Amino acid sequence: MPPLRSLLTLSALCLLSLALSACQSMPSAATGTFVKRELSLDGATYRYQVFVPASRFRKDKAPVVLFLHGSGERGSDGEKQTQAGLGPYLRTHADDFPAIAVFPQSPDGRSWDGDVAQMALAALEAASTEFGGDPQRTYATGLSRGGYGTWELALLQPQRFAALVPICGGITPPGTRPDLDDLEVASVVSHDDPFADAARQLRHIPAWIFHGGKDDVVPPAQSRRMYAALKAEGADVQYTEFPDASHNAWDATYQSDAMWRWLFAQRKP
């Protein structure tokens, strides 16, 4: 759980989102749509978006999917994070996607750690409160740098998520390009065996890992090692490797009906 200061900050952010919702148009009842939101954290303002499903999916508390984008979608425009991965999928499934989806945006040059990780969790908290998310069915997924971030945020709040879907991510730097040397899960990367330590802490969270077999940006060995470490811990984990896919394993992942059926069946005990 986050420290008391973070909890107080999250509560304030929830009130901020509720106030914002009063002055912004709500989504159409017939279909899901994206709404724009902002939050302030430690003096900085961040833009995020929320996909709110059609009203027929909101009669009870709806599942919540936190999506973490990759390096190319970083910035401050509040838009790019919806333009790759989950966002395009939702735009073609706006009528039938049954969950709330939260899209924070990492600033340029940053990863999903430190204050950026706290911002993503704050956006998740605010959106879940505003739109009636189910805390027992809250999930994290991300692609590339966001795949690393999926592991990072789960390690920060290991009781928060009912399931994880990291895509073409990993734990340690991929070793493929100098500009990716900061690509890591900061909370475990300095440990003797980062994969084993992450797996030990996350063994209670079901996970389905995806990767492209021909990925030359983040080698599939990153996901294979994490899968093996989780299996060694007796975790409920699956691994799918698309043999002909390069770094873009996310389109195939989000188009998988089997993945969505599995994800929405996961619930915290």
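Predicted, not measured: the structure shown is a model, and the values here were computed from it.

1. A look at the layout of surface pockets
- Approximately 200 Å³ is the volume attributed to the largest pocket.
- Lining the largest pocket are 13 residues, with E125, S128, P135, T138 and R160 sitting closest to its centre.
- Where the lining of the largest pocket is concerned, the elements lending two or more residues are α3 (114–131) and β5 (133–143).
- For the lining of the largest pocket, a count of residues per class yields three nonpolar, five polar and five charged.

2. A look at empty space enclosed by the protein
- Applying the stated criterion across every chain, the model contains one cavity of 30 Å³ or more.
- What the largest cavity holds in volume is close to 40 Å³.
- Along the walls of the largest cavity sit S111, W112, D113, R145, Y148, G149, E152, L183 and E184, which together make up its complete lining.
- Taken together, the residues that form the lining of the largest cavity break down as three nonpolar, two polar and four charged.

3. Considerations on the packing of aromatic side chains
- A complete count under the given rule lists 16 aromatic pairs for this structure.
- Look at F97 and W260: their rings are 5.1 Å apart centre to centre, the planes differ by 85°, and that puts the pair in the edge-to-face class. Remark: W260 occurs in helix α8 (residues 257–265) and F97 occurs in the loop between α2 (86–92) and β4 (100–103); sequence separation between them is 163 residues. Both residues of the pair, F97 and W260, count as buried.
- Pairing Y254 with W260 gives two aromatic rings, centres 6.0 Å apart and planes at 25°, and the pair type is stacked.

4. A closer look at the pairing of strand β3 (residues 62–68)
- In terms of burial, β3 is largely enclosed, as seven of its seven residues are buried.
- The pairing of β3 with β5 spans six bridges and is classified as parallel. Residue pairing in the sheet places A62 in a bridge with G133 of β5.
- Two elements, β3 and β4, share three bridges in a ladder whose sense is parallel. Looking at β4, one finds that L66 is bridged to V102.
- For the handedness criterion, the β-α-β arrangement of β3, α2 and β4 is classed as right-handed.

5. Brief notes about α3
- The terminal C-alpha atoms of α3, which comprises 18 residues, lie 26 Å apart, in line with the 26 Å expected from a rise of 1.5 Å per residue.
- Taking burial as the measure, the 18 residues of α3 include 13 buried ones, the bulk of the element.

6. Notes on the pairing of strand β2 (residues 44–52)
- Alignment of strand β1 (residues 33–41) against β2, held across nine bridges, turns out to be antiparallel. Counterpart to R37 in the pairing with β2 is Y48.
- Counting the residues between successive antiparallel strands, the hairpin from β1 to β2 contains two residues, one of them, D42, with a positive phi of roughly 50°.
- Here β2 pairs with β4 via three bridges, running antiparallel. Each bridged residue has a counterpart across the sheet, and for Q49 the counterpart in β4 is F103.

What counts as what
- Residues numbered from 1 in each chain as written.
- Predicted model: local features only at pLDDT ≥ 70, side-chain atom pairs only at ≥ 80, totals over all residues.
- Heavy atoms only, no water.
- 1 Å grid on protein atoms, 1.4 Å probe; cavity = no way out; pocket = protein on both sides within 12 Å on 5 of 7 lines; lining within 4 Å.
- Points joined across faces, edges and corners; volume = space filled by probe spheres on them.
- Helix = DSSP H or I, 4+ residues; strand = E, 2+ residues; numbered from the N terminus.
- Nonpolar A, V, L, I, M, F, W, Y, C, P; charged D, E, K, R; others polar.
- Phe/Tyr/Trp six-rings, centres within 6.5 Å; stacked < 30°, edge-to-face > 60°.
- Buried < 20%, exposed > 50% of the residue type's maximum accessible area, 1.4 Å probe, protein only.
- Pairing = 2+ DSSP bridges.
- Right-handed = clockwise from strand over helix to strand, strands pointing away.
- Expected span 1.5 Å × (residues − 1).

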